[in-house]
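Residues per chain are reported as follows:
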Amino acid sequence: MKNKKNLYILAGVFVLLVIIAYFLTAERGQRTTTFKLDEKILQIDSAAVDKLEIEKNGKKIVLQKTGGNWTITTPVNYPAINQFVNNALFTLKNYKITSKVSSNPSNKDKFGFNDTNITKLTVYQNGSSVGQMLIGNAGPGNAQSYIKTTEGNDIFLADEFVWNYIVKNDLSEWRDKLIVSIPKGLIKQIDFISKDENFSVKSDSTGKFFIGKDTVSSSVMDGLMNLLQNYNTQYFKDTVLADDRTPDYFVRVTANNSTEFKYYKYLDTEAVKKYLLKVSGNNQIFDVDENYVKQLFKTRKELLGKS
């Protein structure tokens, strides 16, 4: 009888331990949620936001509003893509927390809250920080993301939170890729210099272009001028180039002002040829491939329509 009583006691202790373990480890429901479903981790006034700090994989970018436009101030000073920032503010203004998906710290990796995937966002309004947010993986549905505060283990699913409006695997994606915009009607002359070429294309009073006395192909020239109206880079390279280096390809475009494009080869393999591009009046160095160079640098034969 005594042994039976002891068995009941042990069984009761076991059940109690199971209950305790459950409450310590289980993903608990809305009763323990720090935030009500109609609250937000970050509550912003998008019109007052004047700075965003975004950190991912040990890298940081700072976007700051200056004179109505957005500029990158860290790690470089460079124009940002205004529409990208506006998209980020739109999602921060309109997202809603719909559920808590986990309180278990062992599930952080599952939802993207690890050193590789996590994005940390800090928002400033009128010069002061209004809070921070951690962003993990994109959610299972359209315009869903997993988010959390910088403290605690609670992970939430947010609707109307477009993940790639804020998370960029390459932070340089925030930079405006436009290098120059030269209206085609203003171009008067283009000079081309390389080890194999050295000539100029000039326009006459009627707007036709010539190399010496030879007429330039109108279709080739139109394509070239259209390119210069919206000349975008492929990639960015945060480095400097010495002024005394001789470029492999050189293009000077004369319109109202003169703009020089200097291309320096830095990688030459059978598979790929890469160049650094330096543009007059711009401290940023651009990273482009050979096909990109040849879109602007035309040979005499190409321009005369003979190739």
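Residues numbered from 1 in each chain as written. Predicted model: local features only at pLDDT ≥ 70, side-chain atom pairs only at ≥ 80, totals over all residues. Heavy atoms only, no water.

(A) Structural detail: the overall build of the protein chain. Scanning the protein chain from terminus to terminus reveals five helices and 20 strands. Expressed as a percentage of the 307 residues in the protein chain, the buried residues total 40%. Total accessible area computed for the protein chain in this model is approximately 17,400 Å², and 49% of it derives from carbon and sulfur atoms. (Helix = DSSP H or I, 4+ residues; strand = E, 2+ residues; numbered from the N terminus. Buried < 20%, exposed > 50% of the residue type's maximum accessible area, 1.4 Å probe, protein only. Areas by Shrake-Rupley, 256 points an atom, 1.4 Å probe, with all protein chains shown as cover.)

(B) Here's a closer look at the pairing of strand β7 (residues 128–138). Where strand β6 (residues 119–125) meets β7, seven bridges bridge the pair, whose relative direction is antiparallel. Each residue of the ladder has a partner; that of Thr119, found in β7, is Ile135. In the sheet, β7 pairs with strand β8 (residues 144–148) via three bridges, with the strands oriented antiparallel. If you follow Ile135 over to β8, its bridge partner there is Ile147. (Pairing = 2+ DSSP bridges.)

(C) Molecular detail of the sheet that holds strand β12 (residues 198–203). Pairing in this open sheet of nine strands is antiparallel, and the strands run β14-β13-β12-β11-β17-β18-β19-β20-β16 from one edge to the other. Because the sheet does not close on itself, it has two edges, and the strands there are β14 (214–215) and β16 (235–237). Pairing of β12 with strand β13 (residues 209–211) involves two bridges; the strand directions are antiparallel. Note that in β13 the partner of Lys202 across the bridge is Phe210. Against the sheet, helix α3 (residues 218–229) touches β11 (189–194), β12, β13, β17 (249–254) and β18 (258–268), its axis set at about 95° to β11. (Contact = heavy atoms within 4.5 Å. Axes fitted to C-alpha atoms, helices over the stretch in contact; angles between N-to-C directions.)

(D) Expanded view of α3. An ideal rise of 1.5 Å per residue puts 16 Å on 12 residues; α3 measures up with 16 Å between its terminal C-alpha atoms. Among all positions of α3, only Met221, Leu224, Met225, Leu227 and Leu228 are buried. Viewed along the axis of α3, the buried residues span an arc of 155°, placing them on a single side of the element. Along α3, exposed side chains directed more than 90 degrees from the buried face belong to Ser218 and Ser219. (Expected span 1.5 Å × (residues − 1). Arc of directions from axis to C-beta.)

(E) Highlighting the sheet that holds β6. A sheet is described by the order of its strands in space; here nine strands give the open sequence β4-β3-β2-β1-β6-β7-β8-β9-β5, paired in antiparallel fashion. Strands with a single pairing partner mark the edges of an open sheet, and in this sheet they are β4 (78–79) and β5 (96–102). In this sheet, strand β2 (residues 59–66) lies alongside strand β1 (residues 49–56) in antiparallel orientation, the contact comprising six bridges. Looking at the pairing, Lys51 lines up with Gln64 of β2. This element, helix α2 (residues 82–94), spans β1, β2, β3 (69–74), β5, β6 and β7 of the sheet and lies at about 95° to β3.

(F) The arrangement of the confidence of the model for the protein chain in detail. Averaged over all residues, the pLDDT of the protein chain equals 90, while 87% of them reach at least 70. Across residues 20–34, where pLDDT falls below 50, the model places 17 contacts with residues more than four positions away in sequence or in other chains. (pLDDT = per-residue confidence, 0-100.)

(G) Examining a nonpolar patch on the surface more closely. Taken together, the side chains of Tyr266, Leu267 and Val272 define a hydrophobic patch exposed on the protein surface, amounting to about 210 Å² of accessible area. Assignment of secondary structure puts Tyr266 in strand β18. (Patch = residues over 30% accessible without salt bridge, like charges linked within 9 Å, V, L, I, M, F, W, Y side chains within 5 Å. Salt bridge = Lys/Arg side-chain N within 4 Å of Asp/Glu carboxyl O.)

(H) How the structure looks around the layout of surface pockets. Size it by volume and the largest pocket reaches roughly 380 Å³. Every residue lining the largest pocket is counted, 18 residues in all, and those nearest its centre are Lys59, Asp170, Leu171, Ser172 and Arg175. Going through the elements one at a time, β2 and β16 are the ones with two or more residues in the lining of the largest pocket. Looking at which element gives the most residues to the lining of the largest pocket, the answer is β2, with three residues. Considering only residue class, the lining of the largest pocket consists of five nonpolar, four polar and nine charged. What the second largest pocket holds in volume is close to 250 Å³. (1 Å grid on protein atoms, 1.4 Å probe; cavity = no way out; pocket = protein on both sides within 12 Å on 5 of 7 lines; lining within 4 Å. Points joined across faces, edges and corners; volume = space filled by probe spheres on them. Nonpolar A, V, L, I, M, F, W, Y, C, P; charged D, E, K, R; others polar.)

(I) Molecular detail of the pattern of salt bridges. What the rule picks out here adds up to 11 salt bridges. Salt-bridge contacts for Lys51 lead to Glu53; the nearest nitrogen and oxygen are separated by 3.7 Å. By relative accessible area, Glu53 is classed as buried at 11%. Across the salt bridge formed by Asp191 and Arg252, the nearest N and O atoms sit 3.1 Å from each other. Residue Asp191 is located in strand β11, and its partner Arg252 is located in strand β17; the two are separated by 61 residues in the primary sequence. What makes Arg252 partly exposed here is its relative accessible area of 26%. Bridged by salt links that share partners, the residues Lys51, Glu53 and Lys60 form one connected network.

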